[in-house]
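Coordinate inspection notes
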Amino acid sequence: MRMILENGRLYDPMHNKSDVQETLYVEDGVMVGKESFSGKPDKVYDLKGGIVMAGAIDIHTHIAGGKNNVARLLMPELHEATLFAPENGFRGGSSEPTMTSFSSGYRYASMGFTAAFEPAMMPVNARQTHLELADTPIIDKGAYVMMGNEDYFMDLLASKAEKKEINDYVAWMLDVTKALAVKVVNPGAVNAFKFNQRRLDLDEKNTHYQVTPREVILSLSRALLDLGVVHPLHVHGCNLGAAGSVQTTLDTIEAAEGMPLHITHIQFYAYGKEGDKKFSSGAVAIAEAVNKHKNISIDIGQVMFGQTMTESGDTMQQYNGRMHANPNKWVCMDIECQGGCGLVPVKYDDDNYYNSLQWAIGLELFLLVDDPSRVFLTTDHPNAAPFTSYPRIIRLLMDRAYRNSVFDQIHPEAQRMSGLRSIQREYTLEEIAAMTRSGPAKILGLTNHGHLGAGALADIAVYQEHDNKETMFDKPDYVFKDGVLVARNGKVLCHHQGCHEVVRPSYDMASLKRLEAWYDSYHSISLQNTAVDLENFGGQEDIRFREALCGERVDGR
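What you are looking at is a predicted structure, and each value in this text was computed from that prediction instead of being measured. (Residues numbered from 1 in each chain as written. Predicted model: local features only at pLDDT ≥ 70, side-chain atom pairs only at ≥ 80, totals over all residues. Heavy atoms only, no water.)

Before going further, it helps to examine the pairing of strand β2 (residues 17-27). Sheet topology note: the strand β1 (residues 2-12)/β2 ladder contains 9 bridges and is antiparallel. What sits directly across from Asp12, in β2, is Lys17. Taking the residues that link successive antiparallel strands as the turn, the β1-β2 hairpin has 4 residues, and the phi of Asn16 there is positive, at about 55°. Relative to strand β3 (residues 30-32), β2 is paired through 3 bridges, and the arrangement is antiparallel. Its bridge partner lying in β3, Tyr25 is registered against Val32. Counting the residues in the hairpin turn of β2 and β3 gives 2 residues, including Asp28, whose phi is positive at 50°. (Pairing = 2+ DSSP bridges. Helix = DSSP H or I, 4+ residues; strand = E, 2+ residues; numbered from the N terminus.)

A word on the pattern of salt bridges. Two side chains with opposite charge may pair up if their charged atoms get near one another. Enumeration over the complete set of coordinates arrives at 28 salt bridges. Here Arg9 makes a salt bridge to Asp19, at a shortest N to O gap of 2.7 Å. With Arg9 in strand β1 and Asp19 in strand β2, this pair connects stretches of sequence that are 10 residues apart. (Salt bridge = Lys/Arg side-chain N within 4 Å of Asp/Glu carboxyl O.)

Looking now at the nonpolar core. In this structure, Tyr169, Val170, Trp359 and Phe366 are the most contacted members of the largest nonpolar core, which totals 134 residues. No other element matches the 9 residues that helix α12 (residues 353-368) contributes to this core. Excluding residues that lie within four positions of it along the chain, Phe366 makes contacts with Ile300, Gln302, Val375, Phe376, Leu377, Ile393, Leu397, Arg425, Tyr427 and Met435. Residues Val26, Ile460, Val462 and Leu485 belong to the second largest nonpolar core, which totals 18 residues. (Core = buried A, V, L, I, M, F, W, Y, C linked by side-chain atoms within 4.5 Å. Buried < 20%, exposed > 50% of the residue type's maximum accessible area, 1.4 Å probe, protein only. Contact = heavy atoms within 4.5 Å.)

Empty space within the largest pocket amounts to approximately 790 Å³. Around the largest pocket sit 33 residues that line it, and Gly241, Phe268, Gly321, His324 and Gln358 are the ones nearest its centre. Elements represented by at least two residues in the lining of the largest pocket include exactly β17 (306-312), α11 (315-320), β19 (339-348) and α12. With 4 residues, β19 is the largest single contributor of residues to the lining of the largest pocket. When grouped by side-chain class, the residues that make up the lining of the largest pocket number 10 nonpolar, 17 polar and 6 charged. (1 Å grid on protein atoms, 1.4 Å probe; cavity = no way out; pocket = protein on both sides within 12 Å on 5 of 7 lines; lining within 4 Å. Points joined across faces, edges and corners; volume = space filled by probe spheres on them. Nonpolar A, V, L, I, M, F, W, Y, C, P; charged D, E, K, R; others polar.)

Turning our attention to the packing of aromatic side chains. Aromatic ring pairs are reported here in terms of the distance separating the ring centres and the angle at which the planes meet. Under the counting rule described, the total for this entry stands at 22 aromatic pairs. Between the aromatic rings of Tyr169 and Trp172, the centroid separation amounts to 6.2 Å while the plane-to-plane angle is 20°, which identifies the pairing as stacked. Remark: Trp172 and Tyr169 occur in helix α6 (residues 163-176); sequence separation between them is 3 residues, near one turn of the helix. For the pair formed by Tyr169 and Trp172, the shared burial category is buried. Taking 6.4 Å as the distance between ring centres and 85° as the angle between the ring planes, the aromatic pair formed by Phe195 and Tyr209 counts as edge-to-face. You can see Phe195 sitting in the loop between α7 (189-193) and α8 (213-227) and its partner Tyr209 sitting in the loop between α7 and α8, a full 14 residues away along the chain. According to the relative accessible area criterion, Tyr209 is buried, its value standing at 11%. (Phe/Tyr/Trp six-rings, centres within 6.5 Å; stacked < 30°, edge-to-face > 60°.)

Right, here's the structure in full:
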């Protein structure tokens, strides 16, 4: 298929193009230069001055891995209330917040997103995670394997294992689970919870293994750097949701010792202890630290008001937060000595001081971090809000008058404790493109995503400019995935199967001699049956694993 898109206005930060009228050429699903495109095209689209960006990327969204199934069991009333029937060849399902796989794929595509990444894949659940991702249509996807709380890794640190053995273990885990990156959740603390610890700060020791969260972060960060994995350690830090967590977050930024680190849904640990309620915004201090430390990237986890479900591998903090469950039911579990999972339903209310300040803190962080290519749009779906809130959040960032009108409606004490109204900044379209396209692609090592240059996937979103940015970003005129028109005016037109993005760093299995014995002793699945492969997909020929950028391994650091 060969096509031309003409009369569009390009916003492509990776190529320094901002409001540039330029014709795009696509051949067999890939962007090509004009000089490489010859002969008559199969299709020509007149974009009539529409705003053209690469397909958007969600760097952190919980769309697979079993926890959504548990969420639907815990809150069947939410699931039943949002059911929709199959229609015109499209699958049925349920909508936010406990969305089904097909619903997620359809809704992402309808908003101009062409890739989304599940950030919390338990190793033992890797097969289930990829099966659910394969059932999520249209978009490319991938997963970050959770490490840093499994007993085998904690035992490696406690026994002072050689660095090469740790690096080989991390590389092996990435390979067998078909992961794109590594995430750590409350480093070492989810493990400590099993030994009756209920808090663990950055330099406190896990009482069983005598290992601190700082040691976990440093060990995993060094391993990823040595292995050449582009995406740095994806950190869900200590003390999530706790007043005073801002200091732990600042200490974590320093703890990276200059190595790349991505701190996820940072809004949830940007809280101070000032004021009558001993709960205040730490956004200014964190933004200053992020601006200063160029090795740090963040995503926000923006709270939006309404009913949702929190789903987290942070069993410790989910247990501590169970008293906030609304409605009053929750579940926590340990999974195969590898980590945990907790689900607590939450209703964020603008009449509530704490919820109102959480909403304001997220926006403060967006607006105070200078570089939009190091701060990414997330709601930690569905924890702070469903990802379908993104068009409204973009409007809050781009339209100060609208932002202030919503600010005026939140809890009055939260208004007094927030500096949001004084912030003049409004995001530009170029900054939105950097935050949702080129920035995420760069930090994930996805060289063919996030831009419109030759060699990129023909993942393209075309928007009609509108004063109301929520309207503009909710229903793009056109969305192309791999050069296929998959959505028009917010309506999905066809099925399409995206790729699973993975990395495959090298490792030496000979250095992992004790791993098989460990699996035989403590796991219900043998080492040989741990690996995910294409045979697990029942012969579906359109399922593809695509290797993302991974540098040369160096064990010398």
